[in-house]
Amino acid sequence: MTGTPTHAHEAIDALLGVGPRRPVPLPEPAERARLRTEYGLSKAETAKALKVSASTFTAWESGQRDPQGEGRAAYAKLLEGIAAQLAPAPPEPAAAPAEPKTVTAPPPEGAPAPTAPQLVMLDQNPDGSLVRAAPAPCVQCAQPSVYRAQGMPMHLGGFCRPGVVPAAPAVPAAPPTPPPAAAPPVPSVSAPAQPAASPTTTAAPAASATAAPGRAAASGQAAPATGPAGGSRRTATSRPAAGSSSRARKAPAKTAAAAEGPSDWEAAAAARFPAGPLAVLDVAPSGKDLVAYLADGTVAPTAPAGRTLAAVVEWALEQRFGSPRLHRHGKDGDALVVLTDAALAELGLPPLGRDEKTEFVQRLGQLPKTHKAVKAVERAGWLLTQRGLGPWARIYRTPEDGRRQCVQLCIPAWGALTSGGWQIPEHLAAPDLARLLGTYATRVLTPRGSTAVSGLELVTALRPPTRAVRTETGWTSGRVEGSRPKDAFDPAPPEVSDVHPLAQDREAGGELVTEAWDWHRDLTDAEKAAPFAVGLDVNMAFLAAAGRLVLPLSGPVHELNPAFDPKTPGSWLVDLSAVDTNLLLPSPFTADGSRPTGPAWYSTAKVAYAVELGAKVQPTEGWLRHEHGPYLDPWHKRLRAAYVDTMSALGVPLTLADTDPLAFLDAMAAIKHGDPAEVAVLHAIKQTAKGTIGKMRERPRGHGYKPGERWPALDRPTWDPLMRALVIDTATVNLHRKLRKMAGDTGLHAIAVLSDCAVFPAPSPSALDILTRPDHTLTTSLRLGVSPGMVKFEGSRPMSEITELIADGANPARHIKAGGVVSADE
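Predicted, not measured: the structure shown is a model, and the values here were computed from it.

How should the overall build of the protein be read in this particular structure?
Counting its secondary structure elements, the protein contains 24 helices and 24 strands. Across the 826 residues of the protein, 48% fall into the buried class. Approximately 38,700 Å² of the protein is accessible, and the part contributed by carbon and sulfur atoms is 55%.

In this structure, what is going on with the sheet that holds strand β20 (residues 621-624)? I would like to understand it.
Strand pairing within a sheet occurs via backbone hydrogen bonds; the two strands may be parallel or antiparallel. The sheet built from four strands is open, its strands ordered β17-β20-β18-β19 with antiparallel pairing. Either end of the sheet is taken by a strand with one partner, and the two such strands are β17 (557-560) and β19 (599-603). Going across the sheet, the axis of each strand differs from the next one's by a mean of 20°, ignoring polarity. Note: strand β18 (residues 570-575) against β20, four bridges, orientation antiparallel. Paired with tryptophan 572 across the bridge in β20 is glycine 622. In this fold helix α17 (residues 604-612) packs onto β18 and β19, with an angle of close to 105° to the strand it touches most, β19. Together, β18 and β19 form the strand contacts of helix α22 (residues 721-746), whose direction differs from that of β19 by roughly 90°.

Honestly, the confidence of the model for the protein in this entry has me stumped. Any pointers?
Residues shown with low pLDDT carry predicted positions that ought not to be read at fine detail. Of all residues in the protein, 76% attain a pLDDT of 70 or more, and the chain-wide mean is 82. In the predicted structure, residues 18-24 sits below a pLDDT of 50 and forms 17 contacts with residues beyond four places in sequence or in another chain. Segment residues 91-120 is flagged for pLDDT under 50; beyond a separation of four residues in sequence, or across chains, it makes 52 contacts in the model.

What is the right way to read the sheet that holds strand β9 (residues 383-384) from this model?
Ordered by their spatial adjacency, six strands build an open sheet running β7-β6-β8-β11-β10-β9, and the pairing between neighbours is mixed. Here the strands that pair on one side only, and so sit at the sheet edges, are β7 (290-294) and β9. Sheet topology places strand β10 (residues 392-400) next to strand β11 (residues 403-410); seven bridges connect them, and they run antiparallel. In the sheet register, arginine 397 faces β11, and the bridge partner there is glutamine 405. Sitting on the sheet, helix α10 (residues 309-319) is in contact with β6 (278-283), β7, β8 (335-339), β10 and β11, with an inclination near 125° to β11.

What is the right way to look at the packing of α17 against α22 in this model?
In a packed pair of helices, the relevant descriptors are the angle between the two axes and the axis-to-axis distance. Closest axis-to-axis distance for the α17/α22 pair is 8 Å, and the angle between their directions is 25°. By the angle between their axes, α17 is roughly parallel relative to α22. Along its contact with α17, which presents Thr604, Ala605, Lys606, Tyr609 and Glu612, the element α22 presents Leu726, Asp729, Thr730, Val733, His736, Arg737 and Arg740. Its residues assigned to classes, the contact of α17 with α22 comprises four nonpolar, three polar and five charged.

Whenever I open this one, the pairing of β20 confuses me. Can you help?
Sheet faces and side chains relate simply in a regular strand, where the side chains alternate between the two faces. Inspection of the sheet shows β17 paired to β20 by four bridges, in the antiparallel sense. Among the inter-strand pairings, leucine 560 is bridged to a residue of β20, identified as glutamate 621.

Whenever I open this one, the pattern of salt bridges confuses me. Can you help?
Pairing of side chains with opposite charge becomes possible as their charged atoms draw close. Using the criterion set out here, one finds 36 salt bridges in the structure. Among the salt bridges present, the one from arginine 307 reaches glutamate 346, with a minimum N-O distance of 2.6 Å. Here the residue arginine 307 occupies a position in the loop between β7 and α10, and glutamate 346 occupies one in helix α11 (residues 341-346), the gap between them amounting to 39 residues. Arginine 307 sits in the partly exposed class, given a relative accessible area of 30%. When its relative accessible area of 31% is taken as the criterion, glutamate 346 is described as partly exposed. When salt bridges with common partners are traced through the structure, they connect Lys695, Glu698, Arg701 and Arg716 into a single cluster.

I keep staring at the packing of aromatic side chains and nothing clicks. Help me out?
Both the distance between ring centres and the angle between the ring planes are used here to describe each pair of aromatic rings. Tallied over the entire structure, the rule returns nine aromatic pairs. Put simply, the rings of Phe57, Trp60 and Tyr75 pair up and form one aromatic cluster. Of note, arginine 397 hangs over the ring of tryptophan 382, and the distance from its end group to the ring centre comes to 3.9 Å. For the cation-ring pair, arginine 484 lies above tyrosine 631, with the distance from its terminal atom to the ring centre recorded as 6.0 Å.

Sorry, what's going on with the nonpolar core here?
For soluble globular proteins, the rule of thumb is that nonpolar side chains tend to be buried together. With 93 residues, the main nonpolar core has Leu632, Trp635, Leu739 and Phe760 as its most contacted residues. A total of nine residues in this core trace back to one element, the largest contributor, which is α22. Aside from chain neighbours lying at most four places away, what touches leucine 739 is Trp517, Leu585, Ala750, Val753, Ala758, Phe760 and Leu782. The next biggest cluster of nonpolar side chains, apart from the first, holds 36 residues, and it includes Ala279, Phe360, Leu384 and Leu409.

Which parts of the structure should I look at to understand the side chain of histidine 327?
Secondary-structure assignment places histidine 327 in the loop between α10 and β8. Polar side-chain contacts of histidine 327 include one of 3.0 Å to the backbone nitrogen of histidine 329.

Here is what the cut-offs are and how they apply
Residues numbered from 1 in each chain as written. Predicted model: local features only at pLDDT ≥ 70, side-chain atom pairs only at ≥ 80, totals over all residues. Heavy atoms only, no water. Helix = DSSP H or I, 4+ residues; strand = E, 2+ residues; numbered from the N terminus. Buried < 20%, exposed > 50% of the residue type's maximum accessible area, 1.4 Å probe, protein only. Areas by Shrake-Rupley, 256 points an atom, 1.4 Å probe, with all protein chains shown as cover. Pairing = 2+ DSSP bridges. Axes fitted to C-alpha atoms, helices over the stretch in contact; angles between N-to-C directions. Contact = heavy atoms within 4.5 Å. pLDDT = per-residue confidence, 0-100. Parallel < 35°, antiparallel > 145°, perpendicular 65-115°, else oblique. Nonpolar A, V, L, I, M, F, W, Y, C, P; charged D, E, K, R; others polar. Salt bridge = Lys/Arg side-chain N within 4 Å of Asp/Glu carboxyl O. Phe/Tyr/Trp six-rings, centres within 6.5 Å; stacked < 30°, edge-to-face > 60°. Lys NZ or Arg CZ within 6 Å of the ring centre and 35° of its normal. Core = buried A, V, L, I, M, F, W, Y, C linked by side-chain atoms within 4.5 Å. Polar contact = N/O pair within 3.5 Å; in protein donor to acceptor, adjacent residues only side chain to side chain.

In structure tokens, the structure reads:
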């Protein structure tokens, strides 16, 4: 191999213990990952040896990026060397012509011999690393393995190789007996994901024919349980043995993560909270005692013994309310106690009003620190966060022995659920409120404030910044792969708003402007002749855009005349005014849909789309992030599943639009008349997705702020306006691409767009008429369906009304749902 730097040779040779080898083509991505993992290397140390970032190496290994030049040569050498060292040694020739006596390693006593190498779940240490021991014959292939599965020598994920071992001493044949249920040949197959269990219980799937609870308990492994979505899991699949459940073989998994099944940390986390995530505290019908309604529809067996807030906190901790962590390196969710108006009065807390001495003043956001209720909490040994005793209060004690003691309060009477994305039905009974909030907690996250705050907390819960790392001197904090660092970093000057400190010396026109579309145009004569206009709305457009989207994981680097790379997130100063786009459609490069007039700052998403449209771009400046990855992908998957599950609960299953478009349109129209609690959950999920993206560029709040001063949100690791820009721009590009295809399929051009809603001229008020191609089939450019990214019917208006709106300078897309009144969700 020539051309590889000396330092790269030294690093690879240190790993392989051999000299340079000839270059070889790279194997398939799955084989690359298998070789590295079987050899026992982490992504971090491999990336370090190859002199690339962890995110770059992850892209190489997954096949998302093709390594070139010297880096490719070094990577090829590493994989070739690993494969050579892991290959089985050839069997020695027999000393005599007689056939050597060989036997394969037998399976555990009483278990049928496996017919093929099986994929297994290996034992793990508390930090997630694989348990390793002295090499011993694998129970499947008899070749040496340093790994263990339930204490038995075993290879990782199908690496077993045929081999021979010295003959075992002859033993008398025993009469055949049925294999005992408690002796599986390999660790049990994880069952496919089941519907979410009650928030207060963790249901374990039934044992298969190849595994019994007795053996699982004896090995110290927890029985499988369906864990929360988005957690990190290891694959545990195998060919089912004869007689095993057909449901386990045929039931499709929703996602790859769900198919892998729960891990030990998930089962242990779920077991810590037998009472569920929350309780709604109310006064019992007798009027004498407090009663607690739980998320699963039951009533708590005990209630707070005292009539003080401190007694409620103590009770919540004793009952073990809370929610399990969503990532093995994350944190468990605190207990949530919701106080009804009656419970609030019973505990001696004031009602909402204007008198600061006797009532809670919403303008202040919390009770004064001198209030008797605050003093009573402090006298009982509890502390309040800086938010104080307000609508969403946290009461805690200094942790003892590393055990967190914290309870969150939700007080609807003080406005906790009347704003911030919540749309709770009026006069909802306490049991129904517990079910509503419990459903949101199960599908999304235990509420921690507004839906936007809860969404941002969900991002961090699924992508915790740090994890415990053991060193020779003890435990320390290390970064979780794929997450952003725990300390915030400043964005680039073009990306911030005009009040940010970095914007104070910025030249005019030097801002990256990213907002959703607000565009309409004059009608053609043919469009004016159409009797109706129909609006189509993209489901959860921002959420759909965030899936697998490459986002920054490090701070910006300024470069002059950079070569454009569509895989590098950043801001680019480039002239896109010459890009040829359809004048009947909005320009994808500006918020108002007008054509660019000169150089401007754009995110990677828009520059990449210009290249897709045939433009040759040459940026003159760039603020680039060389460490990046799909940071929001777990957030996208969990919220998508929550949205789809909620729509199904409201009578709109995932495949309905494909099988019966008319039934889909009818079911969507009937949603507003469905279960009020599920409708409220649906609204909260939508607001969670929107609010999370908005929080990434949160502006200063409160009176007295002066431009150029820092504000608290800037110190949040998730505050990054480029992430917001990339999500919004990707959604815009996705819709523009679909509008282009729609015009080609049906001949219809949008006449107005507002964010993710597009309006078209139509022969009738039906969505199907504008989605039908000349061959009478439905177009797939804008596809009806529930899934995020597909479209639904938004509304229709007579074309005469649309013409008047345009004449008045109003955007028809803003009024397509409710006529002359702006839609409530705008």
